[in-house]
Amino acid sequence: MQSDDNLPRLAITDPATFVRAAEHFHDIDVVEALNGADAGAAARVLESMPVERAAEILAHPGLDRVADLLERLPLDHAVGLMRPMSADRRADVFRRLREPLRSNLLARLDPAVRASLQQLLSYPPTSAGRIMTPEYVAVPPDWTVEQTLRHIRAVGGRMETIYAIYILDPATQRLARAMSLRELILADGTATVMSVGPARKLIAVSPTTDREDVTRLISKYDLIAVPVIDDTGRMLGIVTVDDVLDAIVDEDTEDVQKFGGMEALDEPYMQIGFATMIRKRAGWLCALFISEMLTASAMQSFQSQLERAVVLALFIPLIMSSGGNSGSQATSLVIRALALRELKLGDWWRIALRELPTGATLGVILGILGIVRITVWQVAGIFDYGPHWRLIAATVGSALVGIATFGSLSGSLLPLALNRIGFDPASASAPFVATLVDVTGLVIYFGVAYAILKGTLL
């Protein structure tokens, strides 16, 4: 089997040569070549391609700099590329355009295409309506299987998918039933479509349903597409599995970036301008810096203990990182469970009962490692912690138990609290957990130190 690195690559020498070579490559190979080329050269390639193929490439979700490419094309040619696109892909392209090109293109489209586009763009950004397409196979309930198959042959080339067929009331356009192409092909040609396959509960969503919920439905019921209906049951469009996959990639990328303590990027990393990169990252970084000042304040309040037992300062990085790591683990687990709807806000007490013994056990493991480390260093003569080294080892070990327990507990409950008050847990949990556990960890550490070392070092 050939690896991706060993496959032949497309390279832009001149537009005509590239277009001829591109006939033998997949769309994604062409997209990657255009992404790596100068915007002017990529635009000339699109202009030289047959309109149908150029429209497919332009609508590909992996293509970068869509706005830049279209701005370099003649307006009439850009309008011509919009027409062959499926409705959902056309809407995706328009979302990435800038003014005045966006308005100029919209004004030149056919009235029916423009109305469909404006409807799709009117739905919330992360809703099913934004990624649905009105191009699907629909038939009335009194048609036979043979009539339906002939209809699919006639219109299938213009549809997003032909593997899901929908039966609509011809008067109201309300969805009555859905079937697969497999069920249709295997049925008797003279039978009516309403008699094909077992009668199942209709799986459908509204246009305002969040696309993550659509993803869960498609995964749960193993669907090729899910119908989108309005409040009266009238069919508006479908969301296909390929659109859902694109949405998953977008959502996961956004969540990973937010979890790193920054705003989500709207463009690929290499396409982000310097000023935009600073704006996306500086806000949270400044907020974290200011909040971490609490750590300095906490250390200042224990200045006298540090002056009398300087050896305690050696373990501050160890203590803080252990608490932060345990909190981050719990936060990651809970945020993912919330995203998958495995947990809800009312489950906080179950989470607390689960994380409390988990955190304590992890703390005991870390505490033992800390005690062993201090003992080995002292006995082997690597470092002298003084005559009270056993008490110092007990202090570090005991503090790690408390800090890991608190880190796990706060890291698991904080996403729920942030979700409850309207914050995005993915964007806020990691920064808040880091600050909270750092400050509280110091308090726990020096509190334990005072209790154990009082009368000796303190």
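Data block above holds the structure.
Presented here is an overview of the structure given in this document. All figures in this text were calculated on a predicted structure; none of them were measured in a lab. (Residues numbered from 1 in each chain as written. Predicted model: local features only at pLDDT ≥ 70, side-chain atom pairs only at ≥ 80, totals over all residues. Heavy atoms only, no water.)

Relative to strand S3 (residues 175-180), strand S2 (residues 164-168) runs antiparallel, the two being bridged by five bridges. Bridge pairing in S3 places Ile167 opposite Arg177. Hairpin remark: S2 followed by S3, antiparallel, with six residues in the connecting loop; positive phi at Gln173, about 60°. (Pairing = 2+ DSSP bridges. Helix = DSSP H or I, 4+ residues; strand = E, 2+ residues; numbered from the N terminus.)

So, about unusual backbone geometry. Of note, the bond from Glu99 into Pro100 is cis; its omega dihedral lies within 30 degrees of zero at 5°. Structurally, Pro100 is set in the loop between helix H7 (87-95) and helix H8 (101-108). A positive phi angle, near 55°, is found at Asp222, a position not held by glycine.

What follows concerns the side chain of Thr331. Looking at where Thr331 falls in the secondary structure, it is placed in helix H17 (residues 316-339). A distance of 2.8 Å separates the side chain of Thr331 from the backbone oxygen of Gly411, its partner in a polar contact. (Polar contact = N/O pair within 3.5 Å; in protein donor to acceptor, adjacent residues only side chain to side chain.)

Strand order in the open sheet formed by three strands is S1-S2-S3, and the pairing between neighbours is mixed. In this open sheet, the two edge strands, each paired with only one partner strand, are strand S1 (137-139) and S3. For this sheet, the mean angle separating the axes of adjacent strands, direction not counted, is 30°. Where helix H11 (residues 145-155) meets the sheet, its contacts fall on S1 and S2, and the angle it forms with S1 comes to roughly 145°. (Axes fitted to C-alpha atoms, helices over the stretch in contact; angles between N-to-C directions. Contact = heavy atoms within 4.5 Å.)

On to helix H19 (residues 389-420), then. Taking 1.5 Å per residue, 32 residues should reach 46 Å; H19 reaches 46 Å between its end C-alpha atoms and fits that length. The largest bend in H19 comes to about 25°, at Leu414, with the proline Pro415 one to four residues further on. Downstream of H19 by one or two residues, Gly422 has phi in the positive range, about 100°. (Expected span 1.5 Å × (residues − 1). Bend = angle between axes of the 7 residues up to and from the residue.)

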